[in-house]
Every structure is written in structure tokens, then in C-alpha cells.
Amino acid sequence: MQLITTINKKIEDGFLPVNALLSKFQFNEKPQSYLTDPRYLPLYYYLGQVSSRKNLLEIGFGSGLVSGCFLLGSKTVEKFLAFQPVVNDEYYSLRIGKHNIANCYRQKSCIHFGDFAEASFIENLTSTKWDVAIVNVNSAYDQYLFYLRSIWPNISDNGLLILDQINSHKSAEQSCLDFAKVNHREVFRFKSKYSAALIVK
């Protein structure tokens, strides 16, 4: 697939300094080491740069770093929706994530924190066909598969489903492979840190 070949070459060439990306974002504390790896966040910048898509969805918003890098690379995104699940006993604030997105995306965004089944999020999810959907959660197999099945009908034809860090999250990798098999789709791999995967609808 040409998109994979193009981005893998960009990752291998390493022309984009990671610190140039990280300087665009705020952190609660010093960035974890994997964020400084030149094979991780630049992938999403390159995806935004070469994919020319209009509608971006992210499941697992966190601090907005992954989607923020995509938006920095893109000149075409017109709509952005993000979802951050509630994790038991884990403090989370949208403040830094919202600030990070505002630094790299001037149009209106919708960032939802809470229950996936809430009517307000479902309304936003189903009101658009998403050209790119990024899944960036560390969930158990069933929950991860639930996210994939839930967003798949709302991904546009030839839309890109990006699955982050599947080599480090075995439940995510198995969910990805099983989902692709059931839907008769091929799984492509980027030469990125933790091997992000791509499924084309």
C-alpha cells in the first residue's frame, strides 16, 4: 500500500525532530521516554501530512498528543471528535489535552470525557462519516473490540482505522487481528515504535 510505504520511508529518514513536535505541547511532568522516540509521534504528523482527510476521530484522547501531531501535519481536517474513557481510580483532566489541541487546531473540536454510551457522544459520533479514526486505548480484549465494532459503521468508505501501539498491548493486537478477519480486511503495519496498525475500510 502506497500510504504505508511513503510513511515508513519518512519514519526511516527521520527528518522531523521529535523535540520540534513536543515543543508544541504541555505536560503535567517530564514526557515519558517512548514519547521522545523518533518512530512514535512523527508517524501521526506524517499521517496528517500525506493522507489529506477531512474528518478525524480519536478514541483514547489522553493529553491530545497523538491527534495533536496529526492535526499539526494536516492542512485539510475540518472536524475533530475525541473520546476519553473514564478509568477507575485514575485522575484525569481534559484541561491540558484541550490546551494542546487549541495550539495546533483553530477550528472547533468536540472532546468527550465519560461514558461511550452517553447520548451526546453517540450523536456526535454518528452524525459524520470519519475519514480517519485513531484508537489509542489500553483496554481488555472485549472492550477494545467493542470500540472497533462501534466506530466501524461510522468510518467512511476507504477511511483509515489506525490502531496505536498494538505490539505493546497484546489484547489490542488480538482484537485488531480478529476484527480484520471477520471484516475481510488486511492489517498493514507501520515501522513505528510499538508497530501501529492500519485497516482500510
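Residues numbered from 1 in each chain as written. Predicted model: local features only at pLDDT ≥ 70, side-chain atom pairs only at ≥ 80, totals over all residues. Heavy atoms only, no water.

A. Quick look at the overall build of the protein chain. When helices and strands are tallied, the protein chain shows 8 helices and 7 strands. The C-alpha radius of gyration computed for the protein chain amounts to 16 Å, which stays within 12% of the reference 17 Å derived for 201 residues, consistent with globular compactness. For the protein chain, the spread of C-alpha atoms along the three principal axes comes to 40 × 35 × 30 Å. When the 201 residues of the protein chain are sorted by exposure, 51% land in the buried category. The long-range share in the protein chain, meaning contacts at least 24 apart out of those at least 6 apart in sequence, stands at 73%. Only carbon and sulfur atoms are counted for the fraction: they give 48% of the accessible area of the protein chain, which is about 10,000 Å². Positive and negative side-chain charges in the protein chain, numbering 22 and 18 respectively, have mean positions lying 7 Å apart. (Helix = DSSP H or I, 4+ residues; strand = E, 2+ residues; numbered from the N terminus. Rg over C-alpha atoms; globule rule 2.2 N^0.38 Å. Buried < 20%, exposed > 50% of the residue type's maximum accessible area, 1.4 Å probe, protein only. Contact = heavy atoms within 4.5 Å. Areas by Shrake-Rupley, 256 points an atom, 1.4 Å probe, with all protein chains shown as cover. Lys, Arg positive; Asp, Glu negative; His and termini not counted. Charge placed at Lys NZ, Arg CZ, Asp CG, Glu CD.)

B. Region of interest: the environment of Ser 74. When you line up the elements, Ser 74 lands in the loop between α4 (65-73) and β2 (79-85). Taking C-alpha positions, Ser 74 is 9.6 Å from Tyr 44, a pair spaced 30 residues apart along the chain. Excluding anything up to four places from it in sequence, Ser 74 contacts Gly 48, Gln 49 and Arg 53. Looking at Ser 74, its side chain comes within polar contact range of the main-chain nitrogen of Thr 76, at 3.0 Å. (Polar contact = N/O pair within 3.5 Å; in protein donor to acceptor, adjacent residues only side chain to side chain.)

C. Representation of the pattern of salt bridges within the structure. The final tally for this structure, using the stated rule, is 5 salt bridges. For the salt bridge of Asp 13 with Lys 9, the shortest nitrogen-to-oxygen distance reads 2.9 Å. Here the residue Asp 13 and the residue Lys 9 both occupy positions in helix α1 (residues 2-13), the gap between them amounting to 4 residues, near one helical turn. One salt bridge connects Glu 173 with Lys 170, and the closest N-O pair in it is separated by 3.3 Å. Of this pair, Glu 173 and Lys 170 both sit in helix α8 (residues 170-182), separated by 3 residues, roughly a single helical turn. Glu 173 sits in the buried class, given a relative accessible area of 15%. When its relative accessible area of 58% is taken as the criterion, Lys 170 is described as exposed. Where salt bridges share partners, they join Lys 170, Glu 173 and Arg 189 into one cluster. (Salt bridge = Lys/Arg side-chain N within 4 Å of Asp/Glu carboxyl O.)

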